[in-house]
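Listed below, chain by chain, are the residues.
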Amino acid sequence: MENEGLQPPAAPARELRRRTALLGIGAVAGIGAVDVGAFAYVSGRVTPDRLTPGRLADGFETVFGKHPGFRRNHAKGVSVAGEFVAGGAGAAVSEAVVFEEGRRTPVTGRFSLSGGVPDVADATKTVRGMALRFDLPDGEQWRTAMVNLPVFQDRTPQGFYDRMLAFRAVPDTGEPDPEKKAAFLAEHPETVRAMKLAKKHPPTSGFADSTFNSLNAFHFTNSSGSSVPVRWSMVALQPVRAAAKGPIGRNELFETLIGALTDGPLRWRLMLTIGSPEDPVDDATTPWPDSRRKLDAGVLTLTAVHTGASGNARDINFDPTVLPRGIKASSDPLLSARSSVYAQSFARRTGEPDRTGTVKVAGKRDD
Ligand code: HEM
């Protein structure tokens, strides 16, 4: 697949200026991280089938169609806002100020469904995303994008790309081509194992009772200079209910979330799982043993919900390698790939005509 043919036309200068202003200082940090990431996983071989950020972004457009102005993955979503209050336990493993006892950190976030179709019908089995940006003093930021899976389905960016194409729904049946799917799974036992594990952790009823996981590992360093590998989870504090068995309303997951946030705050507990030396930090398909030490770092409280209009999470690239002092990306090849592909998706969508979200929020204007 040729990259250039699918590239959108360059954005008009006025549009770029407006978006750049909305992005602010943190986005600059994000783009910096992105460039490093791009080199970290592209092999450097000059071959037509080399996997580049552009080819990965093209893959989403091939599978989901092109939807100008929207994220190439997790296209359907709403913005949220609130704060994180640290309990202090996280400071044992990280010097990041976000973990200082009693510190209140403003948070802007986004709930989403995976896939590149912005008005896709809600379904309980679709992977749910929670993305957060913690705004720390002195322009520092912590950005994270988590999902409600126990482990990721792919170990490498190439695996992700190949699975996306192999599992693409065929128009006749609306299901993946069984032969392509079987051929992919025969080559990827790690994906088979990850899918089995996901079956043991069925989705809950909605966004509010979902637990969201970082899946990728990071290195945390405390004020004495000691480092440990960490994976984290936002554990829902709302009562957990089983997902509806049959089909649900087209926007039911989002409408229920919006209704709940209109009625009152929603809360999640940030749990840090500390890895042992034998736990893989570069393989998001492999769970760490349940017995690993866990630290309760504090509580995230979300209080407001917004549409996908400008000025809120629409204009954030939740690049998981934008991290504060005290947290570093691991060698997981997914992390560097995510950084560069999110940047590619961000560059494309912000260079395209404005599109507000497809989910309506009562009482909020879209523009
Ligand atoms: C190689 C693997 C992956 C690829 C190629 C990929 C690709 C993408 C792309 C292109 C976007 C849209 C970015 C934007 O326009 O702002 C996105 C968003 C997202 N991804 Fe990934 N992703 C990968 C792995 C993961 C993993 C491991 C997780 C979770 C642990 C994850 C969670 C999310 C979430 C929650 C969003 C939505 C963020 C938002 O609301 O803006 N992704 N992904």
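Throughout what follows, the structure given in this document is the object of discussion. Bear in mind that the values here come from a model prediction, so they are computed numbers and not experimental data.

1. Thoughts on the nonpolar core
Argument step 1. Ranked by size, the top nonpolar core spans 48 residues in total, and within it F99, F111, W268 and L272 carry the most contacts.
Argument step 2. In this structure, F111 is in contact with K76, G77, V78, V80, G129, M130, F207, F212, F254, L257, W268 and L302, ignoring residues within four places of it in sequence.

2. Concerning the coordination of the iron atom of the ligand
Argument step 1. There is one protein donor for the iron atom of the ligand, and it is Y342 (OH), at 2.1 Å.
Argument step 2. The topology assignment puts Y342 in helix α7 (residues 333-350).

3. Section: helix α2 (residues 53-64)
Argument step 1. Compared with an ideal rise of 1.5 Å per residue, which puts 12 residues at 16 Å, α2 spans 17 Å between its outermost C-alpha atoms and is within 8% of the ideal.
Argument step 2. Across the 12 residues of α2, 9 count as buried, placing the element largely inside the fold.
Argument step 3. Among the residues of α2, P53, G54, R55, L56, A57, D58, G59, F60 and E61 are the ones counted as buried.
Argument step 4. Phi turns positive one or two residues past the end of α2, at G65, with a value near 85°.

4. Focus on the pairing of strand β9 (residues 294-306)
Argument step 1. Pairing analysis gives 8 bridges linking strand β1 (residues 76-86) to β9, with the strands arranged antiparallel. Residue pairing for β9: V80 is matched across the bridge by V305.
Argument step 2. As paired strands, strand β8 (residues 266-274) and β9 are joined by 8 bridges and run antiparallel to one another. Within β9, the residue paired with R269 across the bridge is V299.

5. Focus: the site of the ligand
Argument step 1. For the ligand, the set of nearby residues contains 26 residues, the closest of which are R71, R110, Y342, S345 and R349.
Argument step 2. Separating an oxygen atom of the ligand from a side-chain N or O atom of R110 is a distance of 2.6 Å.
Argument step 3. It is α7 that contributes the most residues to the shell around the ligand, 7 residues altogether.

6. Let's talk about unusual backbone geometry
Argument step 1. Phi at H74 is positive, roughly 55°, even though this residue is not glycine.
Argument step 2. Summarising the element assignment, H74 is placed in the loop between α2 and β1.
Argument step 3. Classification of H74 as buried rests on a relative accessible area of 17%.
Argument step 4. The backbone phi angle of D138 is positive, close to 60°, even though this residue is not glycine.
Argument step 5. Within the element layout of this structure, D138 appears in the loop between β3 (128-135) and β4 (141-147).

7. What to know about the environment of A145
Argument step 1. Among the structural elements, A145 can be located in strand β4.
Argument step 2. For A145, a relative accessible area of 18% puts it in the buried group.
Argument step 3. The spatial distance from the C-alpha of A145 to the C-alpha of L132 is 6.4 Å, given a sequence separation of 13 residues.
Argument step 4. Once residues lying within four places of it in the same chain are set aside, the contact partners of A145 are M130, A131, F318 and R338.

8. Overview of the side chain of E190
Argument step 1. Note that E190 resides in helix α5 (residues 189-200).
Argument step 2. R155 provides the closest opposite charge to the buried, unpaired E190, separated from it by 5.0 Å.
Argument step 3. Separated by 2.9 Å, the side chains of E190 and H188 make a polar contact.
Argument step 4. Excluding residues that lie within four positions of it along the chain, E190 makes contacts with R155 and T285.

Criteria and cut-off values
- Residues numbered from 1 in each chain as written.
- Predicted model: local features only at pLDDT ≥ 70, side-chain atom pairs only at ≥ 80, totals over all residues.
- Heavy atoms only, no water.
- Core = buried A, V, L, I, M, F, W, Y, C linked by side-chain atoms within 4.5 Å.
- Buried < 20%, exposed > 50% of the residue type's maximum accessible area, 1.4 Å probe, protein only.
- Contact = heavy atoms within 4.5 Å.
- Donors = N, O, S within 2.8 Å, 3.2 Å for Na, K, Ca; no water.
- Helix = DSSP H or I, 4+ residues; strand = E, 2+ residues; numbered from the N terminus.
- Expected span 1.5 Å × (residues − 1).
- Pairing = 2+ DSSP bridges.
- Near = heavy atom within 4 Å.
- Polar contact = N/O pair within 3.5 Å; in protein donor to acceptor, adjacent residues only side chain to side chain.
- Lys, Arg positive; Asp, Glu negative; His and termini not counted.
- Salt bridge = Lys/Arg side-chain N within 4 Å of Asp/Glu carboxyl O.

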